[in-house]
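# Geometric and topological summary
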Amino acid sequence: NAGVMQNPRHLVRRRGQEARLRCSPMKGHSHVYWYRQLPEEGLKFMVYLQKENIIDESGMPKERFSAEFPKEGPSILRIQQVVRGDSAAYFCASSPLGRSTGELFFGEGSRLTVL
Amino acid sequence: ILNVEQSPQSLHVQEGDSTNFTCSFPSSNFYALHWYRWETAKSPEALFVMTLNGDEKKKGRISATLNTKEGYSYLYIKGSQPEDSATYLCAWISGGSYIPTFGRGTSLIVHP
């Protein structure tokens, strides 16, 4: 499967634990976007990364959230000390070029439930 | 806050009906507009990428138009089929951030 791969698909955490969500972009894509979908809401932009660089993190909460996209390996969205309000579906999308008009290719999402 | 609005929020039609829905976006600093189709339990898939005012795109029974000056795009489905049931998302890309900003989508249900 050459598509965007996200794992885990489902993650359950207790309040105060850490959540790590991984995204492997499509082969040849070096640009990754993370979006969050809260219940009954649309896709909200969180962060845009290129290999080894955070390009735009204007949608990322200032505390507890961080993202990286290392030279090797998947992009990781990390949420520290999770709270119930973090329960959401987190979607990753990739594209081959930044600042292009081209479409995004999405993964199937990671659904985080915080107990 | 620069919003992308989609209407209606949901739509129920009978098989064979033609339907259309709207995406409204800021008319300033336009760069591109995307339409995506999102089936339940799957990931969003691109339908159209539109960049020029007056653009019309077509894929089978689905077509889209773009008016960047007034800030709207229409998606049309001709002769709806049950397999067209999905949420249709639009995403506006500004020339400032180049980040796709999504609307909340229109949920279409086509009844046999």
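Up top you'll find the structure we're talking about.
Structure report, in brief. (Residues numbered from 1 in each chain as written. Chains lettered and ligands numbered in written order. Predicted model: local features only at pLDDT ≥ 70, side-chain atom pairs only at ≥ 80, totals over all residues. Heavy atoms only, no water.)

The subject of this paragraph is the pairing of strand 6 (residues 53–56) of chain A. Across a regular strand the side chains alternate sides, sitting on one face of the sheet and then on the other. Residue and element names in this part refer to chain A. With 3 bridges connecting them, strand 5 (residues 43–50) and strand 6 associate as antiparallel partners. Within strand 6, the residue paired with L49 across the bridge is I54. Connecting strand 5 to the antiparallel partner strand 6 that follows it, the hairpin turn spans 2 residues, and E52 within it adopts a positive phi of roughly 65°. (Pairing = 2+ DSSP bridges. Helix = DSSP H or I, 4+ residues; strand = E, 2+ residues; numbered from the N terminus.)

Taken residue by residue, the interface counts 19 residues in chain B and 20 residues in chain A. For the pair chain B and chain A, the summed buried area comes to about 1,700 Å², and 63% of that belongs to carbon and sulfur atoms. For chain B, the biggest contributors to the area lost against chain A are I99, F102 and R104 of chain B; these three give 29% of the whole. The tally of links between chain B and chain A comes to 0 salt bridges. One can count 5 residue pairs in polar contact (both at pLDDT 80 or more) joining chain B with chain A. Among the elements of the structure, strand 4 (30–38), strand 5 (45–50) and strand 10 (100–102) of chain B are those that each provide at least two residues to the side of chain B that touches chain A. Element by element, the count of residues in the side of chain B that touches chain A is highest for strand 4 of chain B, at 5 residues. (Contact = heavy atoms within 4.5 Å. Buried area = accessible area lost by both parts, 1.4 Å probe. Salt bridge = Lys/Arg side-chain N within 4 Å of Asp/Glu carboxyl O. Polar contact = N/O pair within 3.5 Å; in protein donor to acceptor, adjacent residues only side chain to side chain.)

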